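A structural walkthrough
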Amino acid sequence: MTTALLTHPDCLNHLTPEGHPERVARLEALLPRLEGKDLLRVRAPLAADDDLLLAHPQDHLDAIKAAEPERGIRQLDPDTWMSPGSLQAALRAAGGAVRAVDMVLSGEADNAFVACRPPGHHAETRAPMGFCLFGTVAIAAKHALERHGLERVAIVDFDVHHGNGTQDLVQSDGRILFVSTHQMPLYPGTGAPSETGPAGTVLNIALDEGTTGEVYRHILTDTILPRLRAFRPELLILSAGFDAHANDPLAGISLETADFAFVTEELCRLAAEVCEGRVVSCLEGGYDLDALAESGEAHVDALIAAAR
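As the structure is a computational prediction, the values presented were derived from the model and not from experiment.

Rules used in this analysis
- Note that residues are indexed from 1 along each chain, following the sequence as it is written.
- A pLDDT threshold of at least 70 governs which residues receive local features in this predicted model, and a stricter bar of 80 or more applies before side-chain atom pairs are shown or counted, although totals over entire chains, interfaces and linings include all residues.
- Based on all heavy atoms of the structure, the side-chain values leave hydrogens and waters out of the count.
- Secondary structure elements are taken from DSSP: a helix is a run of H or I of four residues or more, a strand is a run of E of two residues or more, and numbering for both begins at the N terminus.
- To estimate the expected span of a helix, count its residues, drop one, and scale the result by 1.5 Å.
- Each residue is assigned a bend, namely the angle between axes fitted to the seven residues that terminate at it and the seven residues that start at it.
- Whether a residue is buried, partly exposed or exposed follows from its accessible area with a 1.4 Å probe, protein chains only, as a fraction of its type maximum: under 20%, in between, or over 50%, in that order.
- Contacts were defined at the residue level, with two residues in contact if any of their heavy atoms lie within 4.5 Å.
- Within this document, salt bridges are pairs made up of a side-chain nitrogen of Lys or Arg and a carboxyl oxygen of Asp or Glu, the two lying within 4 Å of each other.
- Only strands joined by at least two bridges in the DSSP assignment are considered to pair.
- In this description, a line fitted to the C-alpha atoms serves as the axis of each element, helices being fitted only across the stretch in contact, and the angle between N-to-C directions of two axes falls anywhere from 0 to 180 degrees.

Looking now at helix α7 (residues 213–231). For α7, spanning 19 residues, the distance from its first C-alpha to its last is 25 Å, which sits close to the expected 27 Å at 1.5 Å a residue. Approximately 35° is the largest bend angle found in α7, and it occurs at Leu220. Within the span of α7, buried status applies to Gly213, Tyr216, Ile219, Leu220, Ile224, Leu225, Leu228 and Phe231. Check the buried side of α7 and you find it contacts β6 (153–157), β7 (176–183), β8 (202–207), β9 (236–240) and α8 (257–274). Two residues or fewer past α7, Arg232 is found with a positive phi of approximately 55°.

A few words on the pattern of salt bridges. Scanning the model with the defined rule gives 17 salt bridges in all. Put simply, Lys142 and Asp173 hold a salt bridge, and the shortest N to O gap is 3.7 Å. Highlighted residues: Lys142 in helix α5 (residues 136–148) and Asp173 in the loop between α6 (164–170) and β7, separated in sequence by 31 residues. Among the residues examined, Lys142 registers a relative accessible area of 12% and is labelled buried. Residue Arg175 pairs with Asp173 through a salt bridge whose shortest N-O separation is 2.9 Å. Among the residues examined, Arg175 registers a relative accessible area of 29% and is labelled partly exposed. Here Asp173 falls in the buried class, since its relative accessible area comes to 11%. One network of salt bridges, in which partners are shared, links Arg33, Lys37, Glu297 and Asp301.

So, on to the sheet that holds strand β1 (residues 3–7). Spatial ordering of the open sheet is given by β2-β1-β5-β10-β9-β6-β7-β8, a layout of eight strands whose pairing is parallel. The open sheet is flanked by β2 (40–43) and β8, the only strands paired with a single partner. The average undirected angle you get between the axes of adjacent strands in this sheet is 15°. Here β1 runs beside β2; their pairing, made up of four bridges, is parallel. Bridged to Leu6 within β2 is Val42. Helix-sheet contacts for α8 involve β6, β9 and β10 (279–283), and the interaxial angle to β9 is about 170°.

The structure is reproduced here in structure tokens:
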């Protein structure tokens, strides 16, 4: 019984301006906490264009490739930057998610954690946004459907910011259930509960500033798990953001490390019930380095325990 960890040194070569919250130090804080654990360690491969085209049109790929500078850093929007290593890093993140799906669906691993950056859940169909270049989890979900023949995939996004990009990329596909919990109001300003998608397969849960772990746990058990159980996905993909932690500087939700462990345990338990425990988790946000490292470690420990 195995948990796979997919990452790559290229993800350290995506550089952002001094003081930017999405920085190299995030992986440098998290990855040492995972050393010595019972993990199948895999170097994340590069996503091919055909992988990216599952979610994005060719003109988006062309624009991102053209935007990468030869030197220095280039600003794409108020929050999103590229350096000479950014494209390679983003391709590792998307390729790692695709490879994780392959491993879990083939039985090579029971579940997987993709510890790559930049994150992906704000990247829309034709627009980089919010630190993100490609819609990593959306690509992974469509890969599972189109190339493995699955009929239903669920994405649960517990990053504190709404996964507007993932919603944009998957909401018209009735085979994908997208569930997002996020502080509201907060960047990017989307994710109202009234946004249910044309297929009715979007569940947005807006959280008030100051929401505690106790409240969040009730939302998980009373609302999210029943919706997942009714949908009966054949694969569960997680957008694992740890910026709902009480110490995170970019938001105001009051979760603690133990809450992220609880969420992971419950989602893995649900996956064991409906889809043979098949879970692929991809790192999204988390900007207090200590909180990210502690919560990410707790998340991975729960994945390891679920695989035994």
